[in-house]
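Chain residues, written in single-letter form:
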Amino acid sequence: MSAKNILMIVGDFGEDYEIMVPFQTLAAVGHRVHAVCPGKAAGESIATAIHDFEGQQTYSEKRGHNFTLNASFADIKAENYDALVIPGGRAPEYLRLNQDVLDMVRHFFAANKPVAAICHGAQLLAAAGVLKGRTCSAYPACQPEVELVGGIYANIPIDAVATDGNLVTAPAWPAHPAWLGRLMMMIGVPVGEIQHRSAA
């Protein structure tokens, strides 16, 4: 199986783990991952936020890392990509106001390409109008947004994953093993890449 081209749409104060871990994991097994942000170019960075579950009624937030983009949003053509990854955090609430971002999301659904969204990533899916009749997990506070656009909210454990056709979703970063595992089942792992890299 050949390496896939994967698009990741990120933004300032996206969730640190939900950006860093998928980006590094998918690259580690040999896929090509382009992380882009509207208004920013390759080599520029976004600020991430770390969201944790520490016993309060909602998650806490701390400043995360600077994450360097490796592609320029203005140069991206969605048709050149095999799958889309949408991290959560605070970024989706403003990214959903960008029409070009919404058009990119719609392309992957129209073409039935794999889409993996986690946590508040459902806000982008809802704004793009792609959830009607679809089962979607998200951070529990996003349940009303999923349901208001006709989606079916998957009320699953925080470390579980929901799949509906080309759509793979999860509540938050504790689900990374299940979420990324399911995505990689859909897109595959390039033959020989892991063995080659571990032997190098």
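Right above here is the structure, for reference.
All of these numbers come straight from a predicted model, not from anything done at the bench.

A. Region of the structure containing the overall build of the protein chain. The secondary structure content of the protein chain amounts to seven helices and eleven strands. Across its three principal directions, the C-alpha atoms of the protein chain cover 45 × 35 × 35 Å. Expressed as a percentage of the 200 residues in the protein chain, the buried residues total 51%. Looking at the protein chain alone, contacts between residues at least 24 apart form 68% of all its contacts between residues at least 6 apart. In the structure as shown, the protein chain presents an accessible area of about 8800 Å², 53% of it carried by carbon and sulfur atoms. Here the protein chain contributes 14 positive and 19 negative side-chain charges, whose respective centroids are spaced 5 Å apart.

B. Up close: the packing of aromatic side chains. For the structure on display, the rule yields five aromatic pairs. Note on Tyr17 and Trp173: the rings are 4.8 Å apart at their centroids and 80° apart in plane angle, and the pair reads as edge-to-face. Highlighted residues: Tyr17 in helix 1 (residues 16–28) and Trp173 in the loop between strand 11 (167–170) and helix 6 (176–187), separated in sequence by 156 residues. You can call Tyr17 partly exposed: its relative accessible area is 34%.

C. Structural view of the sheet that holds strand 4 (residues 45–52). Pairing is mixed in the open sheet, where three strands are placed in the order 2-4-5. The sheet terminates laterally at strand 2 (14–15) and strand 5 (60–68), the two strands that pair on one side only. Sheet analysis places strand 4 next to strand 5, joined by seven bridges and oriented antiparallel. The residue of strand 5 that forms the bridge with Asp52 is Ser60. Against the sheet, helix 1 touches strand 2, strand 4 and strand 5, its axis set at about 35° to strand 5.

Each value, and the rule that gives it
Residues numbered from 1 in each chain as written. Predicted model: local features only at pLDDT ≥ 70, side-chain atom pairs only at ≥ 80, totals over all residues. Heavy atoms only, no water. Helix = DSSP H or I, 4+ residues; strand = E, 2+ residues; numbered from the N terminus. Buried < 20%, exposed > 50% of the residue type's maximum accessible area, 1.4 Å probe, protein only. Contact = heavy atoms within 4.5 Å. Areas by Shrake-Rupley, 256 points an atom, 1.4 Å probe, with all protein chains shown as cover. Lys, Arg positive; Asp, Glu negative; His and termini not counted. Charge placed at Lys NZ, Arg CZ, Asp CG, Glu CD. Phe/Tyr/Trp six-rings, centres within 6.5 Å; stacked < 30°, edge-to-face > 60°. Pairing = 2+ DSSP bridges. Axes fitted to C-alpha atoms, helices over the stretch in contact; angles between N-to-C directions.

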